[in-house]
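What follows is the residue order along each chain.
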Amino acid sequence: MNAYEVLKERGFIEQLTHEEEIKALFEKGGVTFYIGIDPTADSLHVGHFLTVMAMAHMQRCGNRPICLMGGGTGMIGDPSGKADMRKMMTVETIDHNVACIKKQLSRFINFDEGEGGAIIANNADWLRNLNYIEFLREIGTHFSVNRMLTAECYKQRMEKGLSFLEFNYMLMQSYDFYMLYQKYGCNMQFGGDDQWSNMLGGTELIRRKLGKNACAMTITLLLNSEGKKMGKTQSGAVWLDPNKTSPFDFYQYWRNVADADVLKCIRMLTFLPLEQIDEMDKWEGSQLNQAKEILAYELTALVHGEEEAKKAQEGARALFSAGNAANMPSTTLAAEDFQDGAIDLISLLCKAGLVTSRSEGRRAIEQGGVSVDGEKITDIRYNVKKEDITEEGLVVKRGKKKFMKICL
């Protein structure tokens, strides 16, 4: 199968500029394409992971990815899908984030030198030193303000006030495509569906400036069956960095997806053969829990490695059994956490990361959602004594899916 067929069957493709031309390009193979990532944080999150997996599938089919780091565009911030203007970052922060993301990408994309090896590029190389007047004369003349104002990427921001800073983003992203076309022969851009207007700007700029055709394809946004973006929890984004989202919490996120979403996620976010996934389409009832375990294990192994995936799986299973809790996630208390040899349960819940505030902890206890070593606790003044924490640890649970082993 060529890349177009793989992406189509796995449910990635949302919009494209020239369907027949794109099909023909992928049938020949060896397409050089790019995906842009703005370094707004020092880690990728689940929202990026869908794009990264699309890139990996395309590379496996013999095409060459360019991972374009937004060291330049990150200084402005993409207004697409945002109600508010992004926080401005320093050059030092952006460069640090770029370095961290490069390291993460190497887990999924092959950057080996030679034919087919992915390229890391950074648009800071051509954007940070642009001469403003020259840029306006060379690029700005090819963009209609009337047309730009109808773009979806600006509509939401227009309601609250679109800054001129953000208004320039489309020109900068279009210029990226124009530069990559000239530098690497890159004739296709791939990205999230909320990038469609920006991507069309790039294809049009290449046509006007170079008289060449370039293509764009967008990825279906990762939404659950309720139409909400996946990859977010009450405590925030699900990150690929284990210091931001632990391998266990990462595993649990996917283990707990809705029945209606699990097979779509397996199809889009894993490398499992399509034939195997097609068989799973017939699964129902308790078999869907098995599918969720497969999804959680496969994704955790991809992001964090087989060893961490096994630990997370064993820890999750231990939650629902009286068996060994060796691989449960744990929190170690220090001497200063105790007062008069005890710690109040609300403080313990906060320390363990099971709640984000004392008020949330108080509500969880009052509503009967907290247990200590299997005993439900409803007294908000309950204290855990230091001697209650044995060598094996003390298991504190919040609800059915969140738990922590407390150690000394």
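Going by the structure above, here's the rest.
Residues numbered from 1 in each chain as written. Predicted model: local features only at pLDDT ≥ 70, side-chain atom pairs only at ≥ 80, totals over all residues. Heavy atoms only, no water.

Focus: a negative patch on the surface
Reasoning step 1: Together, Glu5, Glu9, Glu27 and Glu275 make up a negatively charged patch on the protein surface.
Reasoning step 2: Mapped onto the elements of the fold, Glu275 is located in helix H14 (residues 274-280). (Patch = residues over 30% accessible without salt bridge, like charges linked within 9 Å, V, L, I, M, F, W, Y side chains within 5 Å. Areas by Shrake-Rupley, 256 points an atom, 1.4 Å probe, with all protein chains shown as cover. Salt bridge = Lys/Arg side-chain N within 4 Å of Asp/Glu carboxyl O. Lys, Arg positive; Asp, Glu negative; His and termini not counted. Charge placed at Lys NZ, Arg CZ, Asp CG, Glu CD. Helix = DSSP H or I, 4+ residues; strand = E, 2+ residues; numbered from the N terminus.)

So, the packing of helix H13 (residues 259-269) against helix H15 (residues 287-304)
Reasoning step 1: Put simply, H13 and H15 touch, their axes get as near as 9 Å, and they point 35° apart. Crossing of H13 over H15 shows left-handed handedness. Contact residues: H13 offers Asp259, Val262, Leu263, Cys265, Ile266 and Leu269, while H15 offers Leu288, Ala291, Lys292, Leu295, Leu299 and Leu302.
Reasoning step 2: The residue makeup of the contact of H13 with H15, split by class, is 10 nonpolar, no polar and two charged. (Axes fitted to C-alpha atoms, helices over the stretch in contact; angles between N-to-C directions. Left-handed = near helix turned anticlockwise from the far one by under 90°. Contact = heavy atoms within 4.5 Å. Nonpolar A, V, L, I, M, F, W, Y, C, P; charged D, E, K, R; others polar.)

Overview of the pairing of strand S6 (residues 215-219)
Reasoning step 1: Counted residue by residue, S6 has five buried out of five residues, so it is predominantly covered.
Reasoning step 2: Both faces of S6 are covered, namely the face carrying Cys215, Met217 and Ile219 and the face carrying Ala216 and Thr218.
Reasoning step 3: Pairing geometry for strand S1 (residues 13-16) and S6, over three bridges, is antiparallel. Each residue of the ladder has a partner; that of Leu16, found in S6, is Met217.
Reasoning step 4: Here strand S5 (residues 188-192) runs beside S6; their pairing, made up of five bridges, is parallel. Within the sheet, the bridge partner assigned to Gly192 lies in S6 and is Ile219. (Buried < 20%, exposed > 50% of the residue type's maximum accessible area, 1.4 Å probe, protein only. Pairing = 2+ DSSP bridges.)

Observations regarding the packing of helix H10 (residues 169-184) against helix H11 (residues 196-210)
Reasoning step 1: Taken N-terminus to C-terminus, the directions of H10 and H11 make an angle of 50°; their axes are 8 Å apart at the nearest point. Viewed along their axes, H10 and H11 adopt a mutual orientation that is oblique. The two elements H10 and H11 meet at a crossing, and its hand is right-handed. From H10, Tyr169, Met170, Gln173, Ser174, Tyr175, Phe177, Tyr178, Tyr181 and Gln182 reach across to H11, where they touch Ser197, Asn198, Met199, Gly201, Gly202, Thr203, Leu205, Ile206, Lys209 and Leu210. (Parallel < 35°, antiparallel > 145°, perpendicular 65-115°, else oblique.)

Remarks on the state of the cysteines
Reasoning step 1: Evaluation of the coordinates by the stated rule reveals zero disulfides.
Reasoning step 2: Here Cys186 is not disulfide-linked; the sulfur of Cys215 is the nearest cysteine sulfur, at 10 Å.
Reasoning step 3: You can call Cys186 buried: its relative accessible area is 0%. (Disulfide = S-S within 2.5 Å.)

Describing helix H1 (residues 3-10)
Reasoning step 1: For H1, the complete set of buried residues consists of Ala3, Tyr4, Val6, Leu7 and Arg10. Summarising the axial view, the buried residues of H1 lie within an arc of 165°, below the 170-degree limit, and thus occupy one face.
Reasoning step 2: Positioned one or two residues after H1, Gly11 has a phi angle of 85°, which is positive. (Arc of directions from axis to C-beta.)

Structural notes on the sheet that holds strand S3 (residues 64-69)
Pairing between the strands of a sheet is mediated by backbone hydrogen bonds and can be parallel or antiparallel.
Reasoning step 1: Overall, mixed pairing links the six strands, which are arranged S1-S6-S5-S2-S3-S4 in an open sheet. The open sheet has two free edges, formed respectively by S1 and strand S4 (119-122), since each of these has just one partner strand. Shown here is a sheet whose adjacent strand axes are inclined to one another by a mean of 25°, direction ignored.
Reasoning step 2: The pairing of strand S2 (residues 32-37) with S3 spans six bridges and is parallel. Counterpart to Ile35 in the pairing with S3 is Cys67.
Reasoning step 3: Of the strands in this sheet, S1, S5 and S6 are in contact with helix H2 (residues 19-28), which crosses S6 at around 90°.

Some points on the packing of aromatic side chains
Reasoning step 1: Enumeration over the complete set of coordinates arrives at six aromatic pairs.
Reasoning step 2: Consider the rings of Tyr34 and Phe177, whose centres lie 5.6 Å apart with planes at 65°: the pair is edge-to-face. In this pair, Tyr34 is assigned in strand S2 and Phe177 in helix H10, connecting sequence segments 143 residues apart.
Reasoning step 3: The exposure class assigned to Tyr34 is buried, which follows from its relative accessible area of 2%.
Reasoning step 4: In this structure Phe177 comes out as buried when scored by relative accessible area, which is 0%.
Reasoning step 5: Judged by centre distance (5.8 Å) and plane angle (40°), the ring pair of Tyr175 and Tyr178 falls under tilted. On the criterion of helical spacing, the pair formed by Tyr175 and Tyr178 is a turn pair, its members being three residues apart in helix H10.
Reasoning step 6: When its relative accessible area of 7% is taken as the criterion, Tyr175 is described as buried. (Phe/Tyr/Trp six-rings, centres within 6.5 Å; stacked < 30°, edge-to-face > 60°.)

These results come straight from atomic positions and should not be treated as a statement about function.
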